[in-house]
There are 2 protein chains.
Amino acid sequence: MGGGEPPQQILLHIHKYKYEFHVIIVGHCTKVPRNSNLEKLRSGYLFPEISRHESEHLQKNPDASLIRLGIGDTTQPIPDTITLAMAEQVRGLSTIQGYRGYGAEQGNMALRKAIAGKFYQDMGIKANEIFVSDGAQCDISRLQMLLGSNVTVAVQDPSFPAYIDSSVVVGQAGELEEKTGKYGNIIYMNCGPENDFFPDLSTIPRTDIIFLCSPNNPTGHAASWQQLKQLVEFAEANGSIIVHDSAYAAYIRDGSPRSIFAIPGAKEVGLSLQVAIEISSFSKFAGFTGVRLGWTVVPEELLYSNGFPVIKDFNRIVCTCFNGASNIAQAGGLACLSTDGYHDLCKVIDYYMENAKILVDGFTSLGWKVYGGKNAPYIWVHFPGMSSWNVFAEILKKTNIVTVPGRGFGAAGEEYIRVSAFGQRQNILEAIRRLNSFL
Amino acid sequence: MGGGEPPQQILLHIHKYKYEFHVIIVGHCTKVPRNSNLEKLRSGYLFPEISRHESEHLQKNPDASLIRLGIGDTTQPIPDTITLAMAEQVRGLSTIQGYRGYGAEQGNMALRKAIAGKFYQDMGIKANEIFVSDGAQCDISRLQMLLGSNVTVAVQDPSFPAYIDSSVVVGQAGELEEKTGKYGNIIYMNCGPENDFFPDLSTIPRTDIIFLCSPNNPTGHAASWQQLKQLVEFAEANGSIIVHDSAYAAYIRDGSPRSIFAIPGAKEVGLSLQVAIEISSFSKFAGFTGVRLGWTVVPEELLYSNGFPVIKDFNRIVCTCFNGASNIAQAGGLACLSTDGYHDLCKVIDYYMENAKILVDGFTSLGWKVYGGKNAPYIWVHFPGMSSWNVFAEILKKTNIVTVPGRGFGAAGEEYIRVSAFGQRQNILEAIRRLNSFL
């Protein structure tokens, strides 16, 4: 019995794919079918795409001094208090007393208590409802595995690509419509200046799941108390679950809610506990993008339509598909929530927010309409009538500054670019100088 | 519009589930359907179940001095060379020069090169085919997300529960048959003394995917050159993909292959590159069960039936659902593969294998038939005609030793218990003393 398809057919496929893959594959085909969900997925994840453009630019201009305000990656050192705690944990692993093997799948209880105490005081969230993770992006996928293919979802447009991409991977989405760049079966909730960057819920059909990121990546908009309250009531009326991503909550400056669970119930105390899950992260809060630590809150009161508690299934997913975050990262997380650690981190966040102000002022003085940057480390700049990929390319070519084309976050991101406020101050100032000279 | 089902129905469900969940849930049901794949999943993941038995035993016997030879968790300190390298990386994160944010999703290139060089020399595996992960269990799930619901799978019986459980989660399995404890649509490949603990391939129907763990957890059997060669030829003839789990390869003592890619092609060089994926881990090799680091190899030559390269989809999954392993753990991984680090780790492995020998000799001298323990840190003890949960309970009750009932690894594990060789020497010797007194 031979293995797979005849060579001729293989060559056809190689021809079809070689432009993406840049190598000619030699090998026999197995008889294993490709996952049709992955076949649907738009080729090229946004950030690797940006990196590719960056590399091509550097190849053409080897002496270019790039300023990277594209992928939202933290740049400032982690405060000493925190790395000292991690180093102590690490070195302890070389001693009989300090050695630790597997931890609890759901995370170290001291850390879970500290998270509940620091971020959810008086909101009715208990430590056993907190799942420590290796980051928000990973937990978005684990939540999608939890939910499965048979739920309907709504997503902000524009939004961080992981919600939709993971939705396609688990089979919730229909076909990709090339013209609009939208998938079937997904409800895109438009968020632009015309609706204060928050979905107009009167136009949104019911879905099982509503993903909401606040402060939003990429628009930088933090939902107000009134907006989140409306959303919680909307979810309750529809029997939906909100998946609230609060990865940038530490950047909120104007008193907007930092957690969905801060929303008081409309008719009873704790309504949000019955309609929401919250995903969050140490990445942007503590510069842990490379250390990898986050958490997810699943309230005990949140039930499926059959009355079964969602928390019980999520615990099962975490035990089956994950084995806990690194114990070193968890020791760091605990130090982040100590009085000294937290204080030091707030100063780093202030630094990035000062960067954000410089960027907002800079683009504004150039005559562009700027959103975001007040409650989030992202600036969302509007270039009316222009293609965002063209603007991205033009800025890169003329100023050697990497941004992100808004189109990469969805159709509603067209005409925008996202500029990240993460960076050394001197680079932010230099970026503004270059933009002043060239735009 | 009201949220969810009427209260009466909720109460019925609460009644049904409260015995598992130990709390009465108060809350309204959403209208979100529970994932039917999770509904199929057998309640209770094995290792939390063992912990529950352990806790109950301690409640009844608060003064019991437990010896834990159950969950296979490493106990020996990590060599200094390795934790010093991690501590240096950690402390560097507090400096401008040493700070690192997001790394490459697929892992640090220096580590990927070191893995290719140390474990895959002369096997045709390149660094770009290595995906650094946060552990083998996590990558099993990501591979299942890659494969999707539309593939057929075969699994060793007995086997580590994560293969089957993740298979159920992504929807590959049929219903659970309570009597046999087996799921529909999954091919169980019996592995016992009658077939030298390796599947009799002449009786196994074709499947898309064949999971094979060698050295096997729980039986401790390392597949021979001849056995793995047969499997590679079987996969080629059937157009199947082997997912080979080599998490315990470092424990092989008798010259059996440590990688599926060591198998030379039957008709051409590198046949295994066209039919296999390999999952592996630093957990048991380097005591990294809590640090979290592993890797997966997906050869470029491995193609789906339509000619599309599997590696390209796996890269997409890793970029979408994962954000790389902790950079601290990766620095540790690199130190593990340095000359000094590797040398020190081999001594730790020798220590565990000396434990294994003591356990094999101990159970043998008690008159029981013992398998494993020669190429793996697990001893697989046969108690003919007895229920493995009863043996487990009896040993716990009489000797305060925690083992794992073989039944937890599948129907073919009935009559067996798994004993882990991870532990302090004095505990292993004390375990044998207790067994001698009581059995």
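Residues numbered from 1 in each chain as written. Chains lettered and ligands numbered in written order. Predicted model: local features only at pLDDT ≥ 70, side-chain atom pairs only at ≥ 80, totals over all residues. Heavy atoms only, no water.

Engineer: Would you take a moment to explain the overall build of chain A for this structure?
Structural biologist: Each helix and strand in chain A was counted, giving 14 helices and 15 strands. Relative to the 2.2 N^0.38 estimate, which gives 22 Å for 439 residues, the radius of gyration of chain A is 23 Å and therefore close to what a compact globule would have. Judged by the C-alpha coordinates and their principal axes, chain A covers about 65 × 60 × 55 Å. A separation of at least 24 residues holds for 71% of the contacts in chain A among residues at least 6 apart in sequence. (Helix = DSSP H or I, 4+ residues; strand = E, 2+ residues; numbered from the N terminus. Rg over C-alpha atoms; globule rule 2.2 N^0.38 Å. Contact = heavy atoms within 4.5 Å.)

Engineer: Any chance you could explain the pattern of salt bridges here in plain terms?
Structural biologist: A pair can form between side chains of opposite charge whenever their charged atoms are brought close. Residue and element names in this part refer to chain B. For the coordinates displayed, the defined rule picks out 38 salt bridges over all chains. One salt bridge connects aspartate 157 with lysine 182, and the closest N-O pair in it is separated by 3.9 Å. Taken together, the positions of aspartate 157 in strand S3 (residues 153–157) and lysine 182 in strand S5 (residues 182–183) put the pair 25 residues apart, joining distant regions of the chain. Overall, aspartate 157 belongs to the buried group, its relative accessible area being 2%. You can call lysine 182 partly exposed: its relative accessible area is 30%. Among the ionic pairs, glutamate 430 bridges to arginine 433, the shortest N-O distance being 3.2 Å. Taken together, the residues span about one helical turn, with glutamate 430 and arginine 433 both in helix H14 (residues 425–438) at a distance of three residues. (Salt bridge = Lys/Arg side-chain N within 4 Å of Asp/Glu carboxyl O. Buried < 20%, exposed > 50% of the residue type's maximum accessible area, 1.4 Å probe, protein only.)

Engineer: What should I look at first to understand the relation of the copies chain B and chain A in this one?
Structural biologist: What relates the two chain copies is a rotation about an axis together with a slide along it. With an RMSD of 0.0 Å, the fit of chain B onto chain A corresponds to turning through 180 degrees and sliding 0.0 Å along the axis. On the angle and the small slide along the axis, the relation comes out as a two-fold axis. Residue alanine 87 of chain B, judged by its C-alpha, is the member of chain B lying nearest the rotation axis, at 2.4 Å. (Least-squares fit on C-alpha atoms with pLDDT ≥ 70 in both.)

Engineer: It is not clear to me how the packing of aromatic side chains should be interpreted in this structure. Could you clarify?
Structural biologist: For any two aromatic rings, the description comes down to two numbers: the centre-to-centre distance and the angle of the planes. Considering all chains together, one arrives at 46 aromatic pairs over all chains under this definition. Ring centres of tyrosine 378 of chain A and phenylalanine 422 of chain A lie 6.2 Å apart, and the angle between their planes is 85 degrees; on these two criteria the pair is classed as edge-to-face. With tyrosine 378 of chain A in strand S12 (residues 378–382) and phenylalanine 422 of chain A in the loop between strand S15 (416–420) and helix H14 (425–438), this pair connects stretches of sequence that are 44 residues apart. Residue phenylalanine 422 of chain A is classed as buried on the basis of its relative accessible area of 1%. Ring plane angle 55 degrees and centroid distance 6.5 Å describe the contact between tyrosine 248 of chain B and tyrosine 251 of chain B, whose orientation is recorded as tilted. Overall, the relative accessible area of 5% leaves tyrosine 248 of chain B in the buried class. For tyrosine 251 of chain B, a relative accessible area of 0% gives the class buried. Each member of the aromatic cluster is reached from another via a ring pair, and the members are Phe47, Phe197, Tyr371, Trp380, Phe409 and Tyr416 of chain A. Across from the ring centre of phenylalanine 322 of chain A, 3.9 Å away, lies the NZ or CZ of arginine 142 of chain A, which sits over that ring. (Phe/Tyr/Trp six-rings, centres within 6.5 Å; stacked < 30°, edge-to-face > 60°. Lys NZ or Arg CZ within 6 Å of the ring centre and 35° of its normal.)

Engineer: Would you take a moment to explain unusual backbone geometry for this structure?
Structural biologist: If a residue is not glycine, its phi is most likely negative; likewise, a peptide bond is most likely trans. Residues and elements named next belong to chain B. Going from aspartate 157 to proline 158, the amide bond is cis rather than trans, its omega being 5 degrees. Residues serine 214 and proline 215 are joined by a peptide bond in cis, for which omega reads -10 degrees. Summarising the element assignment, proline 215 is placed in the loop between strand S7 (209–213) and helix H8 (225–238). For aspartate 196, which is not glycine, the phi dihedral falls at a positive 55 degrees. Structurally, aspartate 196 is set in the loop between strand S6 (186–190) and S7. Using a relative accessible area of 43% as the deciding quantity, one classes aspartate 196 as partly exposed.

Engineer: Help me understand the sheet that holds strand S10 (residues 294–297) of chain A in this model?
Structural biologist: Consider a sheet: its strands pair through backbone hydrogen bonds, and that pairing is either parallel or antiparallel. Residues and elements named next belong to chain A. The strand order across the open sheet built from seven strands is S2-S10-S9-S8-S7-S3-S6, with neighbouring strands paired in mixed fashion. Two strands close off the open sheet at either side, each with one partner strand: strand S2 (130–133) and strand S6 (186–190). Neighbour to neighbour, the strand axes of the sheet diverge by 20 degrees on average, direction disregarded. Taken together, the five bridges between strand S7 (residues 209–213) and strand S8 (residues 241–245) define a ladder with parallel strand orientation. By the bridge assignment, cysteine 213 is partnered in S8 with aspartate 245. Seen against the sheet, helix H10 (residues 310–321) touches S2, S8, strand S9 (276–281) and S10 and runs at an angle of roughly 25 degrees to S2. (Pairing = 2+ DSSP bridges. Axes fitted to C-alpha atoms, helices over the stretch in contact; angles between N-to-C directions.)

Engineer: Sorry if this is basic, but what is going on with the pairing of S15 of chain A here?
Structural biologist: Both faces of the sheet carry side chains from a regular strand, because those side chains alternate between them. Residues and elements named next belong to chain A. Burial within S15 is extensive, with five of its five residues counted as buried. Taking every second residue as pointing to the same face, both faces of S15 are buried, with Tyr416, Arg418 and Ser420 on one and Ile417 and Val419 on the other. In terms of strand pairing, S12 meets S15 through five bridges, oriented antiparallel. Residue pairing across strands places tryptophan 380 opposite arginine 418, the latter belonging to S15.

Engineer: Where do I start with the domain arrangement of chain A in this structure?
Structural biologist: Interface size is commonly expressed as the accessible area that is lost once the parts come together. According to the domain assignment, chain A consists of domain 1 (7–32), domain 2 (46–77 + 343–438) and domain 3 (80–340). Computed over C-alpha atoms only, the centres of domain 1 of chain A and domain 3 of chain A are separated by 39 Å. (Domains from an automatic or database assignment.)

Engineer: Looking at this model, I keep getting lost on the interface of chain B and chain A. Mind explaining?
Structural biologist: Of the residues lining the interface, 112 residues belong to chain B; the matching set on chain A comes to 112 residues. Interface area lost by chain B to chain A is led by Tyr99, Tyr102 and Arg316 of chain B, which between them contribute 8%. The tally of links from chain B across to chain A stands at six salt bridges. Among the salt bridges present, the one from aspartate 80 of chain A reaches arginine 91 of chain B, with a minimum N-O distance of 2.9 Å. Our enumeration of links across chain B and chain A arrives at 50 residue pairs in polar contact (both at pLDDT 80 or more). Contributions of two or more residues to the side of chain B that touches chain A are made by helix H1 (7–21), helix H2 (36–40), helix H4 (80–92), helix H6 (136–147), helix H7 (162–169), H8, helix H10 (310–321) and helix H11 (327–336) of chain B. In terms of residue count, the dominant contributor to the side of chain B that touches chain A is H10 of chain B (eight residues). Tallied by class, residues from the side of chain B that touches chain A come to 50 nonpolar, 38 polar and 24 charged. (Buried area = accessible area lost by both parts, 1.4 Å probe. Polar contact = N/O pair within 3.5 Å; in protein donor to acceptor, adjacent residues only side chain to side chain. Nonpolar A, V, L, I, M, F, W, Y, C, P; charged D, E, K, R; others polar.)

Engineer: How do you make sense of the sheet that holds strand S15 (residues 416–420) of chain B when you look at a structure like this?
Structural biologist: Pairing in this open sheet of four strands is antiparallel, and the strands run S11-S12-S15-S14 (chain B) from one edge to the other. Looking at which strands have only one partner, the edges of the open sheet turn out to be strand S11 (369–372) and strand S14 (404–405) of chain B.

Engineer: Would you take a moment to explain helix H12 (residues 339–365) of chain B for this structure?
Structural biologist: In an α-helix, one turn spans 3.6 residues, which is why side chains three or four residues apart end up on the same side. Taking 1.5 Å of rise per residue, the 27 residues of H12 of chain B would be expected to cover 39 Å, and the 39 Å separating its terminal C-alpha atoms lies within 8% of that figure. Phi turns positive, to about 95 degrees, at glycine 367 of chain B, one or two residues after H12 of chain B. (Expected span 1.5 Å × (residues − 1).)

Engineer: For this particular structure, what's the right way to read the packing of H6 of chain B against H7 of chain B?
Structural biologist: The geometry of a pair of packed helices is captured by two quantities: the angle between their axes and the separation between those axes. Residues and elements named next belong to chain B. As a packed pair, H6 and H7 sit with axes 9 Å apart at the nearest point and diverge in direction by 35 degrees. The handedness of the crossing between H6 and H7 is right-handed. Contacts from Gln137, Ile140, Ser141 and Gln144 of H6 reach H7 at Ala162, Tyr163, Ser166 and Ser167. (Left-handed = near helix turned anticlockwise from the far one by under 90°.)

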